[in-house]
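# Understanding the architecture of this molecule
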Amino acid sequence: MSPLGTGTSSDGGPVAPDGSPVGLYRSFPPGGEPALIHGAVPPGCAVLELGCGAGRITHALVDLGHPVVAVDQSADMLACVRGATRVHADIEELDLPREFPAVVLAGFLVNTIVPGQREAFLATCRRHVADDGVVLVQRTSPHWAASLRPGREHRSGEFLITVTEARLEDGFLHAAQACRRGETTWTHAWTDLVHSDEDMEKLATSAGLFLDRWLDEEREWALLRPTD
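Predicted model only: the values in this text are computed from it and were never measured.

## What about the overall build of the protein chain?
A tally of regular secondary structure across the protein chain gives 7 helices and 12 strands. Taken over the C-alpha trace, the protein chain has a radius of gyration of 17 Å; the compact-globule value for 228 residues is 17 Å, and the two agree within 12%. If you line up the protein chain on its principal axes, its C-alpha atoms span 50 × 40 × 30 Å. Here the protein chain holds 228 residues, and 50% of them are scored as buried. Relative to all contacts within the protein chain whose residues are 6 or more apart in sequence, the contacts with residues 24 or more apart total 55%.

Written as structure tokens, this is what we have:
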């Protein structure tokens, strides 16, 4: 997988290949994403989480009663994951000998700028989802991308997050943020290819899936199902 961004940590900690600082995502709060996922899948069902990172969502899903198979390409990220079956692999090449009632592709990975990679990610989702299962995909919301401005600040748990760059050009969002907690500051810059609702429907169809519904008002989370 090619790097999609850059990142640094003022404490000198490791950075994943996609530019995500490991220390940041190890300690960042899960937010509302685990509850949204939990509410969209059968109670206690097994979940295949693609691109689990340091377990920010994984740990909450485990606590909610879901057996999780957590996949990531970063050994440093994966070493932080607890309570789940860990698989060190690139998502594109994953081929496990089982299917799952729920597959999660979070972290805005569908917005990758690497040619062919989003199609490969969704093909992996389709390969591993049961015929009556669901695929949950988190995308960069077009509305959010259009509204993002440098200087915007908000708090998430103990973190103060400041947007330091935000440019939407020809459908590409170039963004960066600084996340500060106490004396430590992490920075992360990335570029997303922003997908419209129609784009998401076409991507799903090309992968043998269909977009059943959006799970939130911002239309950040899409629920896909296998095509009959």
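Anyway, onward from the coordinates.
## Section: the pairing of strand β2 (residues 47-50)
Neither face of β2 is open: one carries V47 and E49, the other L48 and L50, and all of them are buried. The parallel pair β2 and strand β3 (residues 68-72) is bridged by helix α3 (residues 58-63), and the resulting crossover is right-handed. Where β2 meets strand β5 (residues 100-105), 4 bridges bridge the pair, whose relative direction is parallel. Bridging from a neighbouring strand, L48 pairs with V103 of β5.

## A few points about the pattern of salt bridges
Under the criterion given, the structure shown has 11 salt bridges. Two residues, R56 and E33, come together in a salt bridge whose shortest N-O distance is 2.6 Å. Taken together, the residues R56 in the loop between β2 and α3 and E33 in helix α2 (residues 33-40) connect sequence positions 23 residues apart. Two residues, R127 and D95, come together in a salt bridge whose shortest N-O distance is 3.8 Å. In this pair, R127 is assigned in helix α5 (residues 117-128) and D95 in the loop between β4 (85-88) and β5, connecting sequence segments 32 residues apart. Among the residues examined, R127 registers a relative accessible area of 35% and is labelled partly exposed. According to the relative accessible area criterion, D95 is exposed, its value standing at 57%. Several salt bridges converge on common partners, so that one network encompasses R139, D197 and R219.

Calculation criteria
- Each chain carries its own residue numbering, running from 1 in the direction its sequence is written.
- It should be noted that, the model being predicted, local features are given only for residues of pLDDT at least 70 and side-chain atom pairs only at 80 or more, the latter also being counted only at that level, while totals for whole chains, interfaces and linings use all residues.
- Only hydrogens and water are removed before side-chain values are computed, so all heavy atoms of the structure are retained for them.
- Only DSSP runs of H or I with at least four residues qualify as helices, and only runs of E with at least two residues qualify as strands; both kinds are numbered from the N terminus onward.
- Two things to know: the radius of gyration comes from C-alpha atoms, and the globule rule equals 2.2 Å times the number of residues to the power 0.38.
- Accessibility here uses a 1.4 Å probe with only protein chains present; expressed as a share of the type maximum, an area under 20% marks a residue as buried, one over 50% as exposed, and anything in between as partly exposed.
- Throughout, a contact is declared for two residues whenever any of their heavy atoms are within 4.5 Å.
- When the strands point away from the viewer, a crossover counts as right-handed if the path from the first strand over the helix to the second runs clockwise.
- Two strands form a pair only when DSSP identifies at least two bridges running between them.
- Throughout this description, the term salt bridge denotes a Lys or Arg side-chain nitrogen within 4 Å of a carboxyl oxygen of Asp or Glu.

Function cannot be read off these values alone, since they describe shape.
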